Each structure stands twice: as C-alpha cells, then as structure tokens.
Amino acid sequence: MTDTVAVAAHGLTKSYGHRHAIEQVTFEVERGQICGLLGPNGAGKTNTMRVLVGLSRPDSGTARLLGQPSRLAAGVLTRVGVAIDGPAFVPHLSGRRNLELAWRAGGRTWPPPALEESLQLAGLGEALGAKKVKSYSMGMRQRLMLAQALMGAPEALILDEPANGLDPGEVRTLREHLRRLAERGAAILISSHVLTEIELLATHVVVMNAGVVVTAGRLEDLLGTGAYEFEVDDVARAGKALRAVAGVRTVTAHGQRLSVTAPGCSVKELNHALVSAGVGVGSVRATRSLEEAFLGLVGQDDAVR
Amino acid sequence: MLYVELATQLRRLRSLILLALLVALPVLAGATEASKAGGRGGAATYSALNFAEGGLNFMVPVLFGLVVAVFGAILGGADREWGTLRYRYVQPVSRGRLMAGKWWALVICSALATATFLAVALLTGIMIFGWHPYHVSDSSDLSAASATWAILGAAGYVTVCLLSIGSIALALGLLLPRSVEALGITVGFLIGSAALDNVSAVHDIIVILPVHYWLRWTQLFGGDASQLLPGLAAQAAAIAVAFTAAYLLLMRRDPAA
C-alpha cells in the first residue's frame, strides 16, 4: 500500500553543543502537496532538511521518507530528489558528465528516467556537454543542481532555496514544473526566502523560527479567512484577551498592531472579545499576504505568543 | 563508485600531466643515452631490461612516491573541496562504498603509474638499446626471460610500496582541510624517510617506516628475493593503519560538508 505521507518529521531535535539548532520539529508532507518551509535566517530550515535526508543525525525524534526511516545513504533516497546547501559539482567536468557520474554513483544505469524533462528545465543548451562546470554562472549551476534532483523522476523532493540565482522566467518555469510533479503525486518540501514565490506555489506551509515550528498547515488557512490585523490601544491586554478565545491559533504584535490567526472565528467574535476586555480597537483588516503572515508569525522582539 | 572516482580524478589536468611525465621521462632518458647503446653509457644502456631496471631505480622512492601521493591526497580531499560529499550521500552512496571506491581508485592509480612508466621504458629500451639479456657487472648475465619476470615482480612490489604512501596521503586528505596540505605533509614524510634511511642514529625508527624497504625490489635481479617479505609486511602494516585511519576519518567527517 502506498503511504500518503511522503515526508515526515516527528519531534526532531538537533543540538550543537548547548545550542538547539532545531527542537521538537514535527510536520508531514503528503503526496501531491507542495509544502513551503519558511523561516528567517537561522530558523533551522536547512538543519531540518539535512536531518530529513540523513545528512545529520537527530538527537531525538524520527524522520521518514516515503514511509521508511531516513538515515545517511538510506536506500529510499533513490526515490527522493535532493537539492541542499546550494549546487556542488566536479568543476573540471561538463554538466552532463556531472549528472551522469552523480546518477551512476548510486549504482544505477545511465540515463535516468526523467533526464530529458529535467534537462529541458535546466535549459543549459550546448553548455551542458561542451563546457566545464567551473565556467558556469551561478544560475547555470543552480539549474544543473535542479536537473540533478529531478532527473530520477523522484516521488519526493527536498529542495533548499531552489530559486536562488534564477531569473524571473526561470523561476516561473520551475514553479510550473514542480506543480506538474505534484499533480502526478510527488511530495515537495521547498524552503525559500522568496515568500511571494511560496505564496504562488505552495499548498501547505511550515513556518519555523529559532529552531521550532511556529505553525504548520494549509496555506489558505494561514492567509485566508481567519487572518486578521487589529490596531489596538493596549497590546498586552489585547493579546491576553484574544488568546483566551477558542479557535485562536497565533497572536503576534508589531507596535500597536496585532496579527491574529483564527480560522474558526469571525472578526465580530474577536472584536467582541477585545471590547469586552476594555481594549480600544482602532481598525481591523481581514486577510493578508504571506509576507505579512510570515512576519506576524516570526516577529521576534515584540511577539506576544 | 570506482568508476566515478576514476572518471573524476583521471581527467584532471594534474593527473594527465603526471601521466604524461611518466611517459616522457623514459623517452627523454632513452633519447639522451641513445648514442651510448651497447653499454658505453653504463649498465642501463646494455639492453631494454637494463634500461627499465635503471629507470625504476631512478623513480623509486621519491618520484613515484610523489605521483601516488598526489593521487591519494586528491582522492581523500576532493569531495570536501568541491562540496560534493553531501550529494554522494543522497545519491545514495554509503560510507563503505565511498571508501571502497577511493581505495580501489588508489590501487589502480598506483598500478597505472608503475605500469605506464615501465611499459614506456621497455618500449623505449627495445627501440634504442635492443632486447638482450640483462647485463650484471662482475657476474653472469640474467636471461631475458628471467629479467622480464624480475621486472614484473619489481613492478608488483613497487606498486604495493606506492600504495602505502598513497594510503597515508588518502588519510591525510580526509583529515586536512585541503588536498595540497595533505600532499605537502606526505611528500615531506617521503623525502624525510628517504633522507634518513642511511642515518644509523635513527635506525630503530627508520626500520618501522615503509619507505625503508622500498629499494629491496633490486634483490629480484640476482639477489636474495626473500628480503622482500619483511618489506611486504611493512607495507601491509602501513596500508592497514592508514586505511583504518582514513575510514575512521570519513566516519567522523560531517556528511553535509
């Protein structure tokens, strides 16, 4: 039976010395989902991805890929496409030769099943076979890395900042390609700093900050109904009042403004809670961009929850 | 992984230059000595077999050791320098397969270095000095067949000797941040060992170093061939220690590097 959960992190914790890189990270990505892994620098995104693909051993918790435990060089990785920590190739060989050696290193027969499709995405033209990788631009290396991750027609993809160095047209092509893969049943976990890109692409998001998962779920839940911004005269009291309302998930403050995620609540209900607590409400705005939601969730100094 | 390591390393410019040098040296030496064929330029000019034996004497220990140290150091350090190690693991390639690939690539590089040089030396020698029995001063000559076997035996022995220094370079390549540092230390060890080999004050130390036994291949040309056995044991011990260290270093290396 095919497991619908393709990527699973359960209680992952990893420390370096006394510093927690990630702590109790839990989320799942199902087949057909595109999950954006978001967070500011140092939030633990790359560390989480390293643990998921077995490059880092967690202190506690479990990571599973396609239903199997993930560990260093686990056999299940033949069915997973990985792009992590940026591109890395043998510089004195051509792009095509690099792809061939990467594929053969896994003990497989060249060519891989989705080679042509992934090369089309990479769009390297004659440079693919004629030029050494050391002469490639950053964008070319990035596209070659994506081709390497995709050429095996993977059932799951772990992509760390895949759009780095790509121009807008290439980003769009990548987005469409990933959508097609997801439609065919692949599970995609993708980290990015480009929130607008994730907003256009992802079906789900996991937001991390300081090594912990702040929120995880459907993107529309984070952005759509149930996302509000209140301007209030007493932030502390407002935060306390809103947290007491059933259905409120997160409350974060930015100056006199409060961002609230409460999918099960109406604005009227929340407003009533604030007024009942003696809080003056200056304005209220429903819906927000992913950027606003993200900044609301990871706002550090003035977060009230 | 053997294919991947060989395809990756043998196409590097430095590898091609080293192999070209191994081809050019006997050709240049033969061309220089061509006018002295027939033994007028010393023992090496008597026959192709003498020429090949003389060439081996010239190459061991330092020049051959240098060539194989380069291969060992880059096999150990290249993945980290290029950042490709993490992508090997997610292909997926286990540490055992990775290490086995590097080890067999080193074996092939060592054998290739010895075989390339000796093959070119023999061919050059045949063309310039002719195929005659192996001439030994103050003694009866070795037949061409016996000397050929001796050359082949010497090639095998030297290859094993080169593996010991190559293994040390491989371990240092895995330990140190850059291949060039591993190469520098290995070459320093090699030259230091060779230089101290005749210093009686450090004899007790020298006898445990693999380089001390490297020239014993000459015993195959009419000497006491049993003297090669302690040499082989010393190389095996050095290879075992260096390979174990290399594997442990790979186990400890950050896979995400």
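Residues numbered from 1 in each chain as written. Chains lettered and ligands numbered in written order. Predicted model: local features only at pLDDT ≥ 70, side-chain atom pairs only at ≥ 80, totals over all residues.

Points about the overall build of chain B
The condition is simple: Helix and strand assignments come from DSSP, with helices taken as H or I runs of at least 4 residues and strands as E runs of at least 2, each series counted from the N terminus. Atoms counted for the radius of gyration: C-alpha only. Globule rule: 2.2 Å times the number of residues to the power 0.38.
The helix and strand inventory of chain B stands at 10 helices and zero strands. Seen in sequence order, chain B has helices and strands lined up from the N terminus as α-α-α-α-α-α-α-α-α-α. Its C-alpha atoms give chain B a radius of gyration of 20 Å, within 12% of the compact-globule value 18 Å for 257 residues. Taken over the C-alpha atoms alone, chain B extends approximately 60 × 40 × 25 Å along its principal axes.

Regarding the sheet that holds strand β6 (residues 80-83) of chain A
All names here are of chain A. Short version of the rule: A pair of strands counts as paired when DSSP detects no fewer than two bridges linking them. Note on geometry: axes are lines fitted to C-alpha atoms, helical ones only across the stretch in contact, with angles between N-to-C directions running from 0 to 180 degrees. For every residue pair, C-beta atoms are placed from the backbone, and the pair is scored as a contact if these atoms sit within 7 Å.
Strand order in the open sheet formed by six strands is β6-β7-β8-β3-β9-β10, with mixed pairing between adjacent strands. In this open sheet, the two edge strands, each paired with only one partner strand, are β6 and β10 (212-218). The sheet shows a mean angle of 10° between the axes of neighbouring strands, direction not considered. Direction of pairing for strand β3 (residues 34-38) relative to strand β8 (residues 187-191): parallel, over a ladder of four bridges. For Cys 35, the partnering residue across the bridge sits in β8 and is Leu 189. Docked against the sheet, helix α1 (residues 45-52) engages β3, β7 (156-160), β8 and β9 (204-209), running at close to 145° with respect to β7.

As for unusual backbone geometry
With an omega of 5°, the peptide bond between Trp110(A) and Pro111(A) qualifies as cis. With respect to the helices and strands, the residue Pro111(A) is situated in the loop between α2 (95-105) and α3 (115-122). Backbone torsion omega between Gln91(B) and Pro92(B) reads 5°, so that peptide bond is classified as cis. The residue Pro92(B) is located in the loop between α5 (85-89) and α6 (95-128) in this model. For Gln24(A), which is not glycine, the phi torsion reads 50° and is therefore positive.

Concerning α3(A)
Residue and element names in this part refer to chain A. Worth spelling out the cut-off: Every C-beta atom is placed from the backbone, and the number of other C-beta atoms within 10 Å of a residue's own sets its class: buried at 20 or more, exposed at 12 or fewer, partly exposed in between. Note: the arc covers the axis-to-C-beta directions of the helix.
Within α3 the residues assigned to the buried category are Ser 118, Leu 119, Leu 121 and Ala 122. What you see down the axis of α3 is that its buried residues fit within an arc of 155°, all on one side. Against α4 (127-130), α5 (138-150) and α6 (168-183) lie the buried residues of α3. Positive phi appears at Gly 123, one or two residues downstream of α3, with a value of about 55°.

Comments concerning the domain arrangement of chain A
Residue and element names in this part refer to chain A. Put simply, the rule is: Bear in mind that the domain bounds are from an automatic or database domain assignment.
Considered domain by domain, chain A is made up of domain 1 (5-218) and domain 2 (224-298). Its C-alpha centre places domain 1 at a distance of 35 Å from the equivalent point of domain 2. If you look at the interface, domain 1 gives 10 residues, while domain 2 gives eight residues. Counting residues per element, the ones that place at least two in the side of domain 1 that touches domain 2 are α7 (195-201), β9 and β10. Counting residues per element, the side of domain 1 that touches domain 2 draws most heavily on α7, at three residues.

Points about the interface of chain A and chain B
As a reminder of what qualifies: Only Asp, Glu, Lys and Arg are considered charged, only Ala, Val, Leu, Ile, Met, Phe, Trp, Tyr, Cys and Pro nonpolar, and every remaining residue, Gly among them, polar.
Taken together, the 25 residues of chain A in the interface contact 22 residues of chain B. Residue contributions to the side of chain A that touches chain B peak at four residues, all from α2(A). When grouped by side-chain class, the residues that make up the side of chain A that touches chain B number 16 nonpolar, six polar and three charged.

Comments concerning the confidence of the model for chain B
Counted only if it meets this: Residue-level confidence of the predictor, termed pLDDT, takes values from 0 up to 100.
Of the residues in chain B, 99% reach a pLDDT of 70 or more, and the chain-wide mean stands at 91. For this predicted complex, the interface confidence score (ipTM) comes to 0.86, while the overall pTM stands at 0.83.

Some points on the nonpolar core
Note the cut-off: Only buried residues count toward a nonpolar core: Ala, Val, Leu, Ile, Met, Phe, Trp, Tyr and Cys, linked into one set through C-beta atoms within 7 Å.
One finds Val53(A), Ala156(A), Ile158(A) and Ile188(A) to be the most contacted residues of the largest nonpolar core, which totals 175 residues. Sorting elements by how many residues they give to this core places helix α7 (residues 144-175) of chain B first, with 17 residues. A domain-level breakdown of this core finds at least three residues from each of domain 1 (5-218) and domain 2 (224-298) of chain A. If sequence neighbours within four positions are ignored, Ile158(A) has contacts with Met49(A), Leu52(A), Val53(A), Val80(A), Val82(A), Ile84(A) and Leu189(A).

As for the pairing of β10(A)
Residues and elements named next belong to chain A. Sheet analysis places β9 next to β10, joined by six bridges and oriented antiparallel. Residue pairing in the sheet places Asn 209 in a bridge with Val 212 of β10. Hairpin geometry of β9 and β10 is characterised by an intervening segment of two residues between the two adjacent antiparallel strands and by a positive phi of about 50° at Ala 210.

Quick look at the environment of Val212(A)
Residue and element names in this part refer to chain A. Mapped onto the secondary structure, Val 212 falls in strand β10. Since 17 C-beta atoms lie within 10 Å of it, Val 212 is described here as partly exposed. Each C-alpha atom, one on Val 212 and one on Gly 39, is 9.7 Å from the other, the two residues being 173 residues apart in sequence. Setting aside anything within four residues of it in sequence, one finds Val 212 in contact with Glu 23 and Gln 24.

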